[in-house]
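Breakdown of the fold
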Amino acid sequence: MKLTSYFLILGLATILLACSNPAPNSKEVEANPPLTEKSLLEAIQEFNKAFQEGNVEKLSYMISEDYMHTNSSSKSFGRERWLNFLQGRQEEIASGQLIVSEYVMDQVEIKVYGNTGILTARMKESSEYNGEKQYSEVRITNLWVNEGGKWKRAGFHDNKIP
């Protein structure tokens, strides 16, 4: 009798423990994907495509509310000023004044620390502005944060490569 009671209690305890921490279902995993270098790289690639195309709406959702942007040729500035710059750039792309033929990131290194990620890379851009060909290479550092399951760029810095 003692042995039967022991196994009954052990069985009930096992069932209760199993039910208390259910495995996440596929919808929960989709809503909260793991924070990995791969997931961050995918967000960065989406961001770069939107930038090349001048998609201000998409980019506005992909930067944090307290975004800081620093170019090698200017002082740091925040989200509103960067979005204003993007709006002007979008108009130049739409009018054909600016044609971006290449916007490529290589020499990529990514590290994820909890809900924060850092990227270093080289960016190469070929474009034509008012009929004049332009080419630039810059070394970049980006700070990314994960807010509500979405990667958002929180900081940017570049330095021209001579």
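Residues numbered from 1 in each chain as written. Predicted model: local features only at pLDDT ≥ 70, side-chain atom pairs only at ≥ 80, totals over all residues. Heavy atoms only, no water.

**Overview of the overall build of the protein chain**
The helix and strand inventory of the protein chain stands at five helices and six strands. In sequence order, the secondary structure elements of the protein chain are arranged as α-α-α-α-β-β-α-β-β-β-β. Within the protein chain, the fraction of its 162 residues that count as buried is 33%. Put simply, of all contacts in the protein chain between residues at least 6 apart along the chain, 51% involve residues at least 24 apart. On the protein chain, roughly 10700 Å² of surface is accessible, and the fraction owed to carbon and sulfur atoms is 56%. (Helix = DSSP H or I, 4+ residues; strand = E, 2+ residues; numbered from the N terminus. Buried < 20%, exposed > 50% of the residue type's maximum accessible area, 1.4 Å probe, protein only. Contact = heavy atoms within 4.5 Å. Areas by Shrake-Rupley, 256 points an atom, 1.4 Å probe, with all protein chains shown as cover.)

**Focus on the pattern of salt bridges**
Scanning all chains against the criterion turns up ten salt bridges. The closest approach of N and O atoms between Glu125 and Arg89, which form a salt bridge, is 4.0 Å. Placement of Glu125 in strand β4 (residues 116–129) and of Arg89 in helix α5 (residues 79–95) is noted, with a sequence separation of 36 residues between them. By relative accessible area, Arg89 is classed as buried at 5%. (Salt bridge = Lys/Arg side-chain N within 4 Å of Asp/Glu carboxyl O.)

**Brief notes about the sheet that holds strand β2 (residues 77–78)**
Spatial ordering of the open sheet is given by β2-β1-β6-β5-β4-β3, a layout of six strands whose pairing is mixed. Each edge of the open sheet carries a strand with a single partner, namely β2 and β3 (98–113). Direction of pairing for β4 relative to strand β5 (residues 132–147): antiparallel, over a ladder of 14 bridges. Within β5, the residue paired with Arg122 across the bridge is Arg139. Against the sheet, helix α3 (residues 37–53) touches β1 (63–70), β3, β4, β5 and β6 (150–160), its axis set at about 160° to β3. In the packing of α5 onto the sheet, contacts are made with β1, β2, β3, β4 and β6, and the angle to β1 comes to roughly 80°. (Pairing = 2+ DSSP bridges. Axes fitted to C-alpha atoms, helices over the stretch in contact; angles between N-to-C directions.)

**With respect to α3**
Taking 1.5 Å of rise per residue, the 17 residues of α3 would be expected to cover 24 Å, and the 24 Å separating its terminal C-alpha atoms lies within 8% of that figure. Among the residues of α3, those classed as buried are Ser39, Leu40, Ala43, Ile44, Phe47, Asn48, Ala50 and Phe51. Once α3 ends, the next one or two residues include Gly54, with phi positive near 75°. (Expected span 1.5 Å × (residues − 1).)

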